[in-house]
Amino acid sequence: MLGMDLREVLTGAVVMAPMTKGSNLPYRRLCVEMGARITISEMTVARRLKQRKKGEFALIRKFEGEPFFGVQLAGTNPEEIGWAAALVESRGADLVDLNCGCPIDHFTHKGIGAALGRQPARIRRIVECMKKSVTKIPVTVKLRLGWNDEMRNVLDQAKAAVDGGADALFVHGRTRNARYRFAADWDAIGTVVAAVSVPVVGNGDVLFPRDIAEAKARSGCAAVMSARGVLIKPWLFREASEGYLDLSGEDRVAIYRRYIALAKEHWGADAHGLERVTQFTRWHTDFWYRYVRQRPDGTFPGLQTREQDLNLRSPLEAFLARPDGAAHDYLTECLVHDREIDPAQAPEPVVVESRERELVETEG
Ligand SMILES: Cc1cc2nc3c(=O)[nH]c(=O)nc-3n(C[C@H](O)[C@H](O)[C@H](O)COP(=O)(O)O)c2cc1C
């Protein structure tokens, strides 16, 4: 896209966030069908590309008809990431992004992801190398507010990225240590918008059209990015242009079935393919069940508090809201094998398993 004005591309968009596992190719296709115009890959480790790891190459693949596909790279070595940036450009990426947000110890111990946020000078060097390596696509950086509350250095990170040549910034409004414990700080995102000349895309807790409007008004950002929101409701992209959509249980199942069709197209419908389709579908059901409709008083549920839907209209909606693994296994089975979903036939929750899940959630 030579001569492209990135600000123009970004303005008003809801960007589908980079998500390990969540940004799988068929889910991105589903989101594009729902109106997404900008999609980002799963985090891709530059070194693994250098090592020619097949699994990593799968992550950078753009699907035919994908309107604007960004690839997110992770690493610490400027030359290596520069090399990877050139590679993804040659493979059709429309944008290349640097991950400065991944909180997972396995990566931060190696200086990757959020650990880069503690070294603004390194961010600058990496971005310089990326800019030198690509010929026409824009380079972006995805930042967090800082490592923890004592080190909220997002402005230093942002300036370093822009000095290095970044064309836009994605800012997740939480620190690394906060994980998802607190609501995203859109005022802090606003300080970045005010401090840099490039477009800023704010990220955190966007679930309903109302959240998009509030986030923009509060921060002045050019666009918003959504991660968990689009895993819970891929139709958020449609809502961004049409307003709140009160989908029925049947409407939702039709969307989930469309995902299965796209997943089968991608991974195949033979035994091996179906195994992958099942694995991914089961993973997605852990987000799909969290959907809660607009409350009867007209207000909307938020992402940060998990509330029970007291406004269920049918046995199907009650089934889709079940949080237990037995329900998710049954839903997955019905979807993957194209069977009718009969809430009366769904197995009862397995109590022991849900206790284990609770333990995992509190410890995790
Ligand atoms: C399942 C999942 C995987 C994620 N993987 C990545 C990733 O690979 N790269 C990245 O920069 N952020 C990743 N994130 C973080 C999101 O991009 C986003 O910054 C964060 O979830 C906040 O947005 P939200 O409040 O809309 O969820 C991931 C988030 C989720 C839920």
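Just so it is clear, the model here is predicted, and its values are computed rather than measured.

The rules behind the values
Residues numbered from 1 in each chain as written. Predicted model: local features only at pLDDT ≥ 70, side-chain atom pairs only at ≥ 80, totals over all residues. Domains from an automatic or database assignment. Contact = placed C-beta atoms within 7 Å. Helix = DSSP H or I, 4+ residues; strand = E, 2+ residues; numbered from the N terminus. Near = placed C-beta within 6 Å. Nonpolar A, V, L, I, M, F, W, Y, C, P; charged D, E, K, R; others polar. Buried ≥ 20, exposed ≤ 12 C-beta atoms within 10 Å, placed from the backbone. Pairing = 2+ DSSP bridges. Right-handed = clockwise from strand over helix to strand, strands pointing away.

For the protein, the domain assignment lists domain 1 (6–242) and domain 2 (249–363). Inter-centroid distance (C-alpha atoms) of domain 1 to domain 2 is 27 Å. Between domain 1 and domain 2, the residue contacts involve 19 residues of the former and 17 residues of the latter. If you list the elements that add at least two residues to the side of domain 1 that touches domain 2, you get helix H2 (25–33) and helix H11 (228–232).

We now examine the site of the ligand. Taken together, 23 residues are adjacent to the ligand, and Ala 17, Met 19, Met 43, Ala 227 and Arg 228 come closest. Residue classes in the shell around the ligand are distributed as 8 nonpolar, 10 polar and 5 charged.

Right, let's talk about the environment of Phe 208 for a bit. Relative to the helices and strands, Phe 208 resides in the loop between strand S8 (200–203) and helix H10 (209–219). Taking the C-alpha atoms as reference, Phe 208 lies 29 Å from Lys 264; in sequence the two are 56 residues apart.

This next bit is on unusual backbone geometry. For Lys 21, which is not glycine, the phi dihedral falls at a positive 70°. Positive phi, close to 70°, is recorded for Asp 205, a residue that is not glycine. Following the sequence through the fold, Asp 205 ends up in the loop between S8 and H10. The buried category is assigned to Asp 205, around which 22 C-beta atoms lie within 10 Å.

So, about the pairing of S8. Residues of S8 alternate between two faces, with Val 200 and Gly 202 on one and Val 201 and Asn 203 on the opposite face, all of them buried. Alignment of strand S7 (residues 168–172) against S8, held across 4 bridges, turns out to be parallel. Bridging across to S8, Val 171 finds its partner in Gly 202. Running through helix H9 (residues 186–195), the crossover from S7 to the neighbouring parallel element S8 is right-handed.

Moving on to the pairing of S7. With respect to burial, S7 is a largely interior element, 5 of its 5 residues being buried. Burial along S7 is two-sided: the face carrying Ala 168, Phe 170 and His 172 and the face carrying Leu 169 and Val 171 are both buried. Of the pairings in the sheet, the one linking strand S6 (residues 139–144) to S7 comprises 5 bridges and is parallel in character. Paired with Thr 140 across the bridge in S7 is Ala 168.

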